[in-house]
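Each chain is listed here by its residues.
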Amino acid sequence: MACHLCEVACIVEHSKSKNIFVAFSEKPKVNAKIEVQMRGPLSFSANCRICEHAECVEACPVGAMWRYEDTGLVKVDQNRCIGCWMCIMACPQGSITTRVDHETGLRVSDKCDLCEGRAEGPACVQACPNDALVFEDRDEKLPKETPLRGSYHAYVGGEDLNFVD
Amino acid sequence: MTKAKYLTIGYSAGAIGMIEAIRQHDKTGTILALTKEPYPAYGRPAIVDYAMGKINDDGIFYLGSSYSEMRQVQVKTSAEVVAINAKSKTVKLTSGEEIGYEHLLINTGGKPISPPMPGKELEGVMHFFNLDEAKAMRKQVLEKKARKAVVIGGGLIGLKATEALVQLGVQVTMVELAPIILGRALDSVSSRLMAEKMQKHGVTIYTNTSVTEILGDNRVRQVKLSNGEIIDTDLVYISIGVTPESKLAEDAGITVNRGIEVNRYMQTNLPDVYAAGDVAKGYNFLTKDNMVIAIWPVARKMGYFAGLSMVGKPLEYDGSIPMNSLYFEDLYTISYGETNPQNPSDYEIIEKLYDDGVTYRKFVIKDNRLMGAVFVNDITHAGIVKGLIYEDIPVSKYKDKLLKRDFSFVDLPKSYRAFVYGKPFKELLAKE
């Protein structure tokens, strides 16, 4: 419903102050890693879905973007990241952003980390008043778990892309 | 004789991909990486950051040099292979030592093209291609007080050399033969925007010009341009192109044709010998032919498929496309596929330069498919376009939305959103 509470929750959770009044003006700048995309009446909350075969990890030349085996999380180590944006180039969801702060000289990639270590789980899911955001543990085989392209056409089983909004 | 189950000649993106695939399925088979450089795997695209002092040894080595131990890879550095014997399944080093293998990966990458040029043997004339050369740049500037540099070649490597030099406080002149710089990745508009940004930072750029002679005494002092001008300089970087380092393969009887020929399983024509990365010609699914795409993510993906083949879980490589993330200071560009077609009339081209004069987007379309795209300044969501290219989504579904400044998933078919966000298709069908 385009309330953007998920974005607010994300920023507060990732800030140092954890205070909604301070988080937005903190230095270096804290971005939301989830984004509410809108067109007319349609809104869609988009963020990283921690692909099994992570093209961002494939693209990173220094190993800053990495899939941690213990948690299964794909995260960017912002101390190692050189801000080359190859992960941004590689991510087919476009869910990695630049985190640039000219004052502090910060220039790194930024991405959802599923609020690792947060007891209540992802802050955005908790904040969503509509339960539009759902945090699920899925075992079934889903697309984007293979390094191959062309999974979309397999997914729709050759049907035409006729779902009009 | 040392013997490894999996042996790689070269330890860069391709080898890393191979190792990732192998270790997913074989935790114990010995992996030995041979590299002729004195370093374990490092991020070659990051040598610019190393040269400008932004990162140090811990920052440039892949995963801070913990990678080899993590994946149980034995490494021999400063170990140059001089011959491959596919019959005896051994390789020979310069030291004379022979190493045996069950599966071999050739990940020798590329090497800078060094044209015949009077004066190129003078001190101060260099390439900018590996970590040692990044260290040499720092030494020339910080110790030998180099203040001016000429970068020959306005391509991807020339751009990196220029950025490092500018950050080090060196006055740079870039000399490019073509009418535009960065022509292999960018089109004329995006190239102009990059050139203007560089010029704002004090870089002098010559196009349609070449360097005809390098002049000096015990070291370089000047270059002479094709237009007759003579430019004083302390350093010259030759960055006119890269060619596959394929001699080893050729000598061993492997089919080479401006790159090592491999099939969709990364196999060469010799049994148990694979190739991946900048030395090998992988499938380009847009142009439907095999070519060297010398980009880290592509090399890594090829290596991954080579590893899958080696470990008995072969998957047919479905291809990649040329793509680049090029930037100068805080002007970023991302480009995919064909951005500058030679025959524009064969394509439909959608482009827009936005009001700020520096944000630009261009899409190259043919037969209802995206063949290429360029983003300048605002690179948010550029990857979505990569996904659309990779998933072969007909452009007609979203063509009129592409130039919206906030183009995103809401502009795409619902079924594509569901696919990307992992909603089982039958759930989606049930709702309709």
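Note that the coordinates shown come from a computational prediction; the quantities given were computed from them, not determined experimentally. (Residues numbered from 1 in each chain as written. Chains lettered and ligands numbered in written order. Predicted model: local features only at pLDDT ≥ 70, side-chain atom pairs only at ≥ 80, totals over all residues. Heavy atoms only, no water.)

Looking at this model, I keep getting lost on the overall build of chain B. Mind explaining?
Each helix and strand in chain B was counted, giving 12 helices and 25 strands. Taken over 432 residues, chain B has a buried fraction of 58%. Sequence separation of at least 24 residues holds for 62% of the intrachain contacts in chain B that already meet a minimum separation of 6. For chain B, the accessible area works out to roughly 16900 Å², and carbon and sulfur atoms hold 47% of it. The averaged location of the 51 negative side-chain charges in chain B is 3 Å from the averaged location of its 53 positive side-chain charges. (Helix = DSSP H or I, 4+ residues; strand = E, 2+ residues; numbered from the N terminus. Buried < 20%, exposed > 50% of the residue type's maximum accessible area, 1.4 Å probe, protein only. Contact = heavy atoms within 4.5 Å. Areas by Shrake-Rupley, 256 points an atom, 1.4 Å probe, with all protein chains shown as cover. Lys, Arg positive; Asp, Glu negative; His and termini not counted. Charge placed at Lys NZ, Arg CZ, Asp CG, Glu CD.)

Just to check I follow, could you spell out helix H1 (residues 13-25) of chain B for this structure?
Note on helix geometry: an α-helix contains 3.6 residues per turn, so any two residues three or four positions apart are oriented the same way. All names here are of chain B. With 13 residues, H1 extends 19 Å from end C-alpha to end C-alpha; this agrees with the ideal 18 Å at 1.5 Å per step. Taken across its 13 residues, H1 has 11 buried, putting it largely inside the fold. Regarding H1, the residues found buried are Ala13, Gly14, Ala15, Ile16, Gly17, Met18, Ile19, Glu20, Ala21, Ile22 and Arg23. (Expected span 1.5 Å × (residues − 1).)

Just checking my understanding: could you explain the sheet that holds strand E12 (residues 211-216) of chain B for this structure?
Sheet strands pair by backbone hydrogen bonding; their relative direction is either parallel or antiparallel. Residue and element names in this part refer to chain B. Spatial ordering of the open sheet is given by E12-E13-E14, a layout of three strands whose pairing is antiparallel. Each edge of the open sheet carries a strand with a single partner, namely E12 and strand E14 (230-232). Each neighbouring strand pair of the sheet contributes to a mean axis angle of 25°, computed without reference to strand direction. Relative to strand E13 (residues 220-225), E12 runs antiparallel, the two sharing five bridges. Each residue of the ladder has a partner; that of Gly216, found in E13, is Val220. (Pairing = 2+ DSSP bridges. Axes fitted to C-alpha atoms, helices over the stretch in contact; angles between N-to-C directions.)

I would appreciate a short explanation of a nonpolar patch on the surface in the present structure.
Among the surface-exposed residues, Ile20, Phe21, Val22 and Phe24 of chain A lie close enough to one another that they form a single nonpolar patch of about 440 Å² accessible area. Assignment of secondary structure puts Phe24 of chain A in the loop between helix H2 (20-23) and strand E1 (35-39). (Patch = residues over 30% accessible without salt bridge, like charges linked within 9 Å, V, L, I, M, F, W, Y side chains within 5 Å. Salt bridge = Lys/Arg side-chain N within 4 Å of Asp/Glu carboxyl O.)

I tried to follow the pattern of salt bridges on my own but got confused; where do I start?
Between side chains of opposite charge, pairing is possible as soon as their charged atoms come close. Counted according to the given criterion, the structure contains 31 salt bridges over all chains. Lys33 of chain A is the salt-bridge partner of Asp110 of chain A, the closest N and O atoms lying 3.0 Å from each other. Highlighted residues: Asp110 of chain A in strand E6 (residues 106-110) and Lys33 of chain A in the loop between H2 and E1, separated in sequence by 77 residues. Assigned by exposure class, Asp110 of chain A and Lys33 of chain A land together as buried. Here Lys89 of chain B makes a salt bridge to Asp272 of chain B, at a shortest N to O gap of 2.7 Å. Taken together, the residues Lys89 of chain B in the loop between strand E4 (81-85) and strand E5 (90-93) and Asp272 of chain B in the loop between strand E17 (260-261) and strand E18 (273-275) connect sequence positions 183 residues apart. By relative accessible area, which is 25% here, Lys89 of chain B ends up partly exposed. For Asp272 of chain B, a relative accessible area of 29% translates into the label partly exposed.

Explanation requested: the packing of aromatic side chains in the structure shown.
Remark: the centre distance and the inter-plane angle together describe each pair of aromatic rings, the angle taken between the planes. All names here are of chain B. This structure, assessed with the given rule, holds 14 aromatic pairs over all chains. With a centroid separation of 4.9 Å and an interplanar angle of 85°, the aromatic rings of Phe285 and Tyr390 are classed as edge-to-face. Within this pair, whereas Phe285 is found in the loop between strand E19 (280-284) and strand E20 (289-291), its partner Tyr390 is found in helix H10 (residues 382-390), the two being separated by 105 residues in sequence. The exposure classification of Phe285 matches that of Tyr390, with both residues buried. Ring geometry for Tyr304 against Phe305: centres 6.2 Å apart, planes inclined by 75°, an arrangement best described as edge-to-face. (Phe/Tyr/Trp six-rings, centres within 6.5 Å; stacked < 30°, edge-to-face > 60°.)

Is there a simple way to think about the nonpolar core in this case?
Across soluble globular proteins, nonpolar side chains have a tendency to be buried as a group. Residues and elements named next belong to chain B. By size, the foremost hydrophobic cluster in this structure holds 169 residues, and its most contacted members are Val91, Phe128, Leu165 and Tyr336. Among the elements that line this core, the one with the most residues is helix H9 (residues 296-310), at nine residues. If near-sequence neighbours (up to four positions away) are discounted, Phe128 is found in contact with Ile47, Val48, Ala51, Glu133, Ala134, Met137, Ile157, Lys160, Ala161, Ala164 and Tyr237. Judged by nonpolar contacts, the second largest core, of 15 residues, contains Met117, Val175, Val223 and Val236. (Core = buried A, V, L, I, M, F, W, Y, C linked by side-chain atoms within 4.5 Å.)

Before we go on, may I ask you to explain unusual backbone geometry in this structure?
Phi is mostly negative for residues that are not glycine, and the peptide bonds are mostly trans. At the junction of Lys27 of chain A and Pro28 of chain A, the peptide bond is cis and its omega measures out at -5° in the coordinates. One non-glycine residue, Leu63 of chain B, lies in positive phi territory at about 55°. You can see Leu63 of chain B is positioned in the loop between helix H3 (57-60) and helix H4 (67-70). If you check the backbone angles, Asp272 of chain B has positive phi at about 65° while not being a glycine.

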